Amino acid sequence: MAYRIGIDLGGTKIESAVLDLGNNILFRERIPTQSHLGSNHILNQITNIYKMATESINNEAHSLGVATPGSISKKTQLLRNSNTLCLNNLPLKISIEEKLGKKIAIENDANCFTLAEATLGVGKAYSCVFGVIMGTGCGGGFVFNKKLRTGPQHISGEWGHSTINVYGPDCYCKKKGCIETYISGSGLEKIINSDLKIKISSADFLSKDNFNEQEQLVLNKFYRYFGIALSNIINVIDPDVIIIGGGLSNHDELYSIGKREVYKNIFSNEPSTPIIKNGLGDSAGVIGAAIIGI
Ligand SMILES: [Zn+2]
């Protein structure tokens, strides 16, 4: 097939891209998800953007892949763990296939991010790539020799829900002290709110020019947890590279101060794992979706 279409189903926007066999992006469009209008509306939005994509290549033969938060249960075929709550417990893959009249491949968005970065982004030169998303939540993916490793339970890469403090804050996954409750955008925001009594987004807090003494303590704690969280990944699989995506990946100090904290906790006296920022920006998800397409 000469073309590959990807659709990235996000909580606020749905993005589509058309790639040719040389991986050039021929078409790219975004429309709002408008998830408050319900699952039928979201399916209609997917149909709309798919039409735009196919029209851009005059309806020529193509493959199609979809990236989504959460994952499809192999047992029930139902979507679970999506932060677009109205889609949970629906047979999302089947519904999209019926709506579009076409078979699709569907995969977790953090997995699509990692696959895209490992194939076409900053991970190209590495064979074992761990992708880390630090956005509203903490997701991730694991790619070995340019292939996704999703695992029999489809939870490979879900580093965000490893407990780092059994007495820590409640997580929505029903456990306590998950990594996500400390270093995701939403987790850090809660810590800022309770420790500093101020309301500010994590991204805005991290991009401040100056930090007072109390703010510095919160920041130090953030780097410390980042160091513990990523060193745990490295101690288990020792990847060739860790690539960071999501809103908080724009915080430059993650790659200097944060990396030093990671290295302090690695079980090696010669820590060397590159910890780098993504190269494809927020297009990685849709590009990954196009790559997995069938
Ligand atoms: Zn959790």
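Residues numbered from 1 in each chain as written. Predicted model: local features only at pLDDT ≥ 70, side-chain atom pairs only at ≥ 80, totals over all residues.

### Regarding the overall build of the protein chain
The condition is simple: Where helices and strands are cited, they refer to DSSP runs of H or I of at least four residues and of E of at least two residues respectively, numbered from the N terminus. Within these notes, the globule rule equals 2.2 Å times the number of residues to the 0.38 power, and the radius of gyration is based on C-alpha atoms. With C-beta atoms placed from the backbone, a residue counts as buried when 20 or more other C-beta atoms lie within 10 Å of its own, as exposed when 12 or fewer do, and as partly exposed for counts between those limits. We call two residues in contact if the C-beta atoms placed from their backbones are at most 7 Å apart.
The helix and strand tally for the protein chain stands at 9 helices and 12 strands. Here the protein chain has a C-alpha radius of gyration of 19 Å; the compact-globule value for 294 residues is 19 Å, and the two agree. For the protein chain, the residues scored as buried account for 43% of the 294 residues in total. Excluding contacts between residues fewer than 6 apart, the proportion of contacts in the protein chain whose partners are at least 24 apart in sequence is 61%.

### Some details on the environment of Ala-61
Mapping Ala-61 onto the fold places it in the loop between α1 (39-56) and β4 (62-68). Classification of Ala-61 as exposed rests on a count of 8 C-beta atoms within 10 Å. A C-alpha to C-alpha distance of 11 Å links Ala-61 and Ile-294, two positions 233 residues apart in sequence. Contact partners of Ala-61, with chain neighbours within four places excluded, come to Met-1 and Ala-2.

### Some points on the sheet that holds strand β11 (residues 241-245)
Here is the rule: Two strands form a pair only when DSSP identifies at least two bridges running between them.
As summarised here, the arrangement of the 5 strands in space is β10-β9-β8-β11-β12, forming an open sheet in which the pairing is mixed. The outermost strands of the open sheet, each flanked by one partner alone, are β10 (147-148) and β12 (275-277). Pairing analysis gives 5 bridges linking strand β8 (residues 128-134) to β11, with the strands arranged parallel. Across the sheet, residue Ile-133 finds its bridge partner in β11, namely Gly-245.

### Observations concerning helix α3 (residues 109-119)
Burial analysis of α3 places 10 of its 11 residues in the buried class, the great majority of the element. Those residues of α3 lying buried are Asp-109, Ala-110, Asn-111, Cys-112, Phe-113, Thr-114, Leu-115, Ala-116, Glu-117 and Ala-118.

### Comments concerning the domain arrangement of the protein chain
Quick reminder of the rule: Reported domain spans reflect what an automatic or database domain assignment gives. Ten residues, namely Ala, Val, Leu, Ile, Met, Phe, Trp, Tyr, Cys and Pro, are considered nonpolar, four, namely Asp, Glu, Lys and Arg, are considered charged, and the remaining ones, Gly among them, are considered polar.
Splitting the protein chain by domain gives domain 1 (3-112 + 283-292) and domain 2 (122-278). The partner domain 2 presents 13 residues to the 6 residues of domain 1 that form the contact. Here the residues of the side of domain 1 that touches domain 2 are counted per class, giving 2 nonpolar, 3 polar and 1 charged.

### Topic: the pairing of strand β1 (residues 3-9)
Most of β1 is tucked away: 7 of the 7 residues are buried. Burial of the side chains of β1 extends over both faces: Tyr-3, Ile-5, Ile-7 and Leu-9 are buried on one face and Arg-4, Gly-6 and Asp-8 on the other. Pairing of β1 with strand β2 (residues 13-20) involves 7 bridges; the strand directions are antiparallel. Within β2, the residue paired with Arg-4 across the bridge is Leu-19. Adjacent in sequence and paired antiparallel, β1 and β2 are bridged by 3 residues. Of the strand pairs in this sheet, β1 and β4 are connected by 6 bridges, and their pairing is parallel. Opposite Ile-5, over in β4, you have Leu-64 as the bridge partner.

### Concerning helix α9 (residues 284-292)
Given 3.6 residues to a turn, an α-helix orients residues that are three or four positions apart in the same direction. Across the 9 residues of α9, 9 count as buried, placing the element largely inside the fold. Within α9, burial applies to Ala-284, Gly-285, Val-286, Ile-287, Gly-288, Ala-289, Ala-290, Ile-291 and Ile-292.

### Section: the sheet that holds strand β7 (residues 105-108)
Counted only if it meets this: Fitted lines through C-alpha atoms give the axes, limited to the stretch in contact for helices. The angle between two N-to-C directions lies from 0 to 180 degrees.
With mixed pairing, the 5 strands of this open sheet are ordered in space as β3-β2-β1-β4-β7. Edge positions in the open sheet fall to β3 (25-32) and β7, since each of these has one partner strand only. Geometrically, the sheet is characterised by an average inter-axis angle of 15 degrees between neighbouring strands, direction not taken into account. Contacts from α9 reach β1, β2, β4 and β7, with the element oriented near 130 degrees to β1.

### A closer look at the pairing of β11
Put simply, the rule reads: Seen with its strands pointing away from the viewer, a crossover is right-handed if its path from the first strand over the helix to the second goes clockwise.
With respect to burial, β11 is a largely interior element, 4 of its 5 residues being buried. Bridging between β11 and β12 involves 3 bridges; their strand directions are parallel. Note on β12: the bridge partner recorded for Ile-242 is Ile-275. Running through helix α8 (residues 257-265), the crossover from β11 to the neighbouring parallel element β12 is right-handed.

### A word on the environment of Asn-278
Residue position: Asn-278 is located in the loop between β12 and α9. On the basis of neighbour count, Asn-278 is assigned to the buried category, with 24 C-beta atoms found within 10 Å. In the structure, Asn-278 is positioned 146 residues away from Val-132 in sequence and 9.4 Å away in space, judged by C-alpha atoms. When neighbours within four sequence positions are excluded, Asn-278 is seen to be in contact with Glu-117, Gly-121, Val-122, Ile-243, Ile-244, Gly-245, Ser-249 and Ala-284.

### A word on the nonpolar core
So the rule is basically this: The nonpolar core is taken to be a set of buried Ala, Val, Leu, Ile, Met, Phe, Trp, Tyr and Cys residues joined by way of C-beta atoms within 7 Å.
Counting residues in hydrophobic clusters, the biggest one holds 70 residues, and the most contacted among them are Ile-7, Ile-183 and Ile-287. In terms of residue count, the dominant contributor to this core is helix α7 (residues 213-237) (8 residues). The contact partners of Ile-287, leaving out residues within four places of it in the chain, are Gly-6, Ala-17, Leu-19, Ala-116, Leu-120 and Leu-280.

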